[in-house]
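Observations on the three-dimensional arrangement
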Amino acid sequence: MQTRVVLERRHADDLPYASFVRDYVAQNRPVMVENAMPACPAMHKWTPEFFKHQFGPRQVNISHSQRMTFETFIDAVLASREDAPGPYMYRLFIGPHLPELLPDLEPQNPYAFPRRLASPLMLRPWRRPDGYLKLLIGGTGGHFPILHYDGENGHATISEIYGDKEFILYPPEDSAHVYPKSGIPNQSLIPDVQHPDLEQFPLFARATQYHTVLRPGDMVFVPSRWWHAARALTPSISICQNIFDASNWAGYVNEICPPVAGLHGLKRMAKRTYLTGLGSILSVLERQPRGHGHGSLTARIARLAPTSIVDVGDSSTWPVDNWSAN
């Protein structure tokens, strides 16, 4: 039988952002933060009906190969049952796909700040001040189809806007127990972690499961290489964002710059050199005093190496026009 651990819970009132970064992000340690985004308009505005009425005829991906209109998708979400789950949203990036939703997320969740992805020193293809902000919607019983950890060595945050969602995690040291796919090492072969076939996957019984339930306003921090899966307990709307900083930078560079031969190898070597040097520069700048006075040196440092949401401004300043969803 698996060991089951209740995930640590903290309330935002008792968890300053600097403590969150020091005690959880830097330590690769998961946590659930209550009341992480109390002033966010989406908390009072986003419902399944809102998306149906606002975006009814627009197409949405519900799998790698299947699309349907928002209207049809939301109807399926509301009809979803535990014994007959409906579709679960797949890869909808708010910046490039639904940028009109960005103001609904101001003020932003401070714990989900993407850190180095927001630096203007990141070249445009890699600069994402939204942290690859994704929208996730599913009905009762619906779930993300794969036990996985986020690619590019990313930390992840999932913030619940509407409804309730069960979340389970497995630590990196249990990777051998969750049967990674050959060639896709961040995805598990186990098709249903709620009802695993222990004859086919006997080592899974040795894995330690961390468990929590997200309610509206809650956020779970999933550190890099922590396996995770989610299941909607009611119709659920949440957002996901990624974080990159000194704690996971080396792994990020290794994953996006793997060694290859030929011309592509030279390009990746140049990319690796740039990102490795950038990481060193940002590590120095991030330790400098913060300041936001117009034109001051500390203000310029804050803009170049942002360490909190106050350093980057609201979403109206983000360069979303040329973002790619790939």
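Summary of the structure given here.

Rules used in this analysis
Residues numbered from 1 in each chain as written. Predicted model: local features only at pLDDT ≥ 70, side-chain atom pairs only at ≥ 80, totals over all residues. Heavy atoms only, no water. Core = buried A, V, L, I, M, F, W, Y, C linked by side-chain atoms within 4.5 Å. Buried < 20%, exposed > 50% of the residue type's maximum accessible area, 1.4 Å probe, protein only. Helix = DSSP H or I, 4+ residues; strand = E, 2+ residues; numbered from the N terminus. Pairing = 2+ DSSP bridges. Axes fitted to C-alpha atoms, helices over the stretch in contact; angles between N-to-C directions. Contact = heavy atoms within 4.5 Å. 1 Å grid on protein atoms, 1.4 Å probe; cavity = no way out; pocket = protein on both sides within 12 Å on 5 of 7 lines; lining within 4 Å. Points joined across faces, edges and corners; volume = space filled by probe spheres on them. Nonpolar A, V, L, I, M, F, W, Y, C, P; charged D, E, K, R; others polar.

With that out of the way, let us pick up the nonpolar core. Counting 30 residues, the largest nonpolar core has W46, F51, F70, F73, I94, L135 and I137 as its most contacted members. Elements supplying a minimum of two residues to this core: α2 (42-45), α3 (48-55), α4 (70-79), β7 (134-138) and β15 (236-243). It is α4 that provides the largest number of residues to this core, a total of 4 residues. One finds Y17, F20, V21 and A36 within the second-largest nonpolar core, a separate group that totals 18 residues.

The strand order β1-β12-β9-β14 describes an open sheet built from 4 strands, whose pairing is mixed. Of all strands in the sheet, those bounded by a partner on one side alone are β1 (3-6) and β14 (227-232). When the angles between neighbouring strand axes are averaged without regard to direction, this sheet yields 25°. Examined bridge by bridge, strand β9 (residues 165-170) and β14 share 6 bridges and lie antiparallel to one another. Residue pairing in the sheet places F167 in a bridge with A230 of β14.

Here we take up the sheet that holds strand β8 (residues 155-162). One open sheet holds the 7 strands; their spatial order is β2-β3-β13-β8-β15-β7-β6, and the pairing between them is mixed. Among the strands making up the open sheet, the edge pair consists of β2 (9-11) and β6 (92-93). Bridge count between β6 and β7: 2 bridges; the pairing is antiparallel. Across the sheet, the residue bridging to L92 is L135, located in β7. Set on the sheet, helix α1 (residues 17-25) makes contact with β2, β3 (31-34), β8 and β13 (219-222); between it and β13 the angle comes to about 45°. The sheet strands contacting α4 are β6 and β7, and the helix crosses β7 at an angle near 50°.

So, on to the pairing of β13. Burial of the side chains of β13 extends over both faces: M219 and F221 are buried on one face and V220 and V222 on the other. Alignment of β3 against β13, held across 3 bridges, turns out to be antiparallel. Bridged to V31 within β13 is F221. Taken together, the 4 bridges between β8 and β13 define a ladder with antiparallel strand orientation. Looking across to β13, one finds that S159 is bridged to M219.

For the largest pocket, the calculated volume is near 1200 Å³. The set of elements that each furnish at least two residues to the lining of the largest pocket consists of β7, β9, β11 (184-188), β14, β15 and α6 (249-256). Of the volumes computed, that of the second largest pocket is approximately 270 Å³. Considering the residues around the second largest pocket, the lining is formed by 18 residues, among which H143, D192, V193, Q194 and R231 are closest to the centre. Top contributing element to the lining of the second largest pocket by residue count: β14, with 3 residues. When the residues that make up the lining of the second largest pocket are grouped by side-chain class, the tally is 11 nonpolar, 4 polar and 3 charged.

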